[in-house]
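# Summary of structural features
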Amino acid sequence: MDAIRSRIATRVIGPGDRLPSVRAFADTMGASPSTVVEAYDRLAAEGVIRARRGSGFYVTGAHMPPLSIGEMGPRRDRAIDPFWVSRQSLDADATMEKPGCGWLPADWMPDAALRRGLRGIARADTSLLSDYGSTRGSLALRRLLLGRFADEGIEADPDQLLLTGSGTQAIDLVCRYLLHPGDTVLVDDPGYFNFQALLRAHRVELVGVPYTPTGPDVAAFEAALTTHRPRLYITNSALHNPTGATISPQTAHRLLSAAALHSLTIVEDDIFADFEPSPSPRLAVLDGFDRVIRIGSFSKTLSAAARCGYIAGRADWIEGLVDLQVATSFGGPSPLATALIADVLAGGSYRKHMAELRVRLARERDRAAERLARLGIVPWTMPRGGFYLWCRLPGELDSAEVARRCMDEDVVLAPGNVFSVSQSAGSFLRFNVAQMAGERTYAAIHAAISVSQDRVKAEF
């Protein structure tokens, strides 16, 4: 009886659900069938379950305990680390505001084009609905990507491109293929927090390179190459996460020269490329996939529900990565996801969607920057595109403390040190301007800053 009550209380089974058969539950509990019959009869007498002749026992829902949102939701008291923002954002319910998350609101996405694509897929050959993906992924989508590369000036062959289950999986595969535990990897400081989380899962040493408004600090980058002899450097060149900065041509050339001198491989995450109003320097374009590996995905511009990423690089490395993806995923990404993405990218609606998105984001960036300035929160730089603002709090306040206070008001923020290997960004927050339409966000931040400032004054 306790076992059934526990399943009901934790929502493993709910109103109208059928309980296991007497024999099956007896096997599960290691009890005799007669014991289970008696337990079911007692629960039925209490009204917790009811019997249906010839069908079994079903949950009534009459005595279900109230659901505790606090217990079911994200743990708010956990340490603020690279997983904190991800878990708070991914597990947040619809009532919460998420200016700290890393994606656009659902109603900003091209839902009409996605629905058309899904209707077309529903009429497709049965194999598309049932079979595994091929080892390199959809040929149609790979051709579209190669065409986009050609528009940038990259002449790549089909054997230099591999589709993956997501952008994160693309990085994971590259790390599995090129790294060993104990290797050293350079990352931007500040830089995307999930790079840190993933690299630590591979048990490598992380070395941060200070990031400037024109890209990584080249002198620090060159010094790190000499001192630490890293195996990889992972970065965003365009609309850097979290700062929104874009690498300059001079910095890009110096980075590639230093990488060639020290036999360093660079992984360039190009996920924000389509948010730029015009193309900026790309390491992969300048390098031609000699020692640069490009990764990307479509979760920021199309859909995070239809996940697909890619890896572009040297043909011999791609060949090895194909085998690795087969070993870890048994084939390429979902044919349903790749067919949907290819359908949307091939149509003219995608270009129109991105053009409208860039205009809308520019407006929201200006609006958010203006409203944050009233709170004494100032952007570190004003990005030329994308949806991030990297901002400094007034008076060197602790962004982790502000984030915790805002969580109490159901507002998820992204505190600076989750992005920093050196833990030197404690007074910064990353804001997603597309997620800041609600008044609650600004009210919660204002209240959190006021309380923090009062506490600092009292301590002083």
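For the structure itself, consult the block above.
Thresholds, definitions, all that
Residues numbered from 1 in each chain as written. Predicted model: local features only at pLDDT ≥ 70, side-chain atom pairs only at ≥ 80, totals over all residues. Heavy atoms only, no water. Axes fitted to C-alpha atoms, helices over the stretch in contact; angles between N-to-C directions. Helix = DSSP H or I, 4+ residues; strand = E, 2+ residues; numbered from the N terminus. Parallel < 35°, antiparallel > 145°, perpendicular 65-115°, else oblique. Contact = heavy atoms within 4.5 Å. Nonpolar A, V, L, I, M, F, W, Y, C, P; charged D, E, K, R; others polar. Salt bridge = Lys/Arg side-chain N within 4 Å of Asp/Glu carboxyl O. Buried < 20%, exposed > 50% of the residue type's maximum accessible area, 1.4 Å probe, protein only. Pairing = 2+ DSSP bridges. Phe/Tyr/Trp six-rings, centres within 6.5 Å; stacked < 30°, edge-to-face > 60°.

Turning our attention to the packing of helix α1 (residues 2-9) against helix α2 (residues 22-29). The contact between α1 and α2 brings their axes to 12 Å, and the two run at 100°. Comparing their axes, α2 and α1 come out roughly perpendicular. Facing Ala3, Ile4 and Arg7 of α1, the residues of α2 in contact are Phe25, Thr28 and Met29. Classifying every residue of the contact of α1 with α2 by side-chain character gives 4 nonpolar, 1 polar and 1 charged.

A word on the pattern of salt bridges. One pass over the full model with this rule turns up 18 salt bridges. A salt bridge links Arg294 to Asp270; the shortest N-O distance between them is 3.7 Å. Of the two residues, Arg294 is situated in strand β9 (residues 292-297) and Asp270 in the loop between β8 (265-269) and α13 (283-287); the sequence distance between them amounts to 24 residues. With relative accessibility at 1%, the residue Arg294 sits in the buried group. Classification of Asp270 as buried rests on a relative accessible area of 7%.

Read across the open sheet, the 8 strands follow the order β3-β10-β9-β8-β7-β4-β5-β6; overall the sheet is mixed. At either end of the open sheet lies a strand with only one pairing partner, and these are β3 (161-164) and β6 (215-216). Alignment of strand β4 (residues 184-189) against strand β5 (residues 205-212), held across 6 bridges, turns out to be parallel. Considered in β5, the bridge of Val185 is made with Leu206. Against the sheet, helix α9 (residues 167-178) engages β3, β7 (232-235), β8, β9 and β10 (309-312), with an angle of about 150° to β9.

The next point concerns the packing of aromatic side chains. The final tally for this structure, using the stated rule, is 17 aromatic pairs. Look at Phe221 and Tyr233: their rings are 5.1 Å apart centre to centre, the planes differ by 65°, and that puts the pair in the edge-to-face class. One end of the pair, Phe221, is in helix α11 (residues 218-228); the other, Tyr233, is in strand β7, with 12 residues separating them in the sequence. By the burial criterion, Phe221 is buried, and Tyr233 matches it. Look at Phe387 and Tyr388: their rings are 4.8 Å apart centre to centre, the planes differ by 65°, and that puts the pair in the edge-to-face class.

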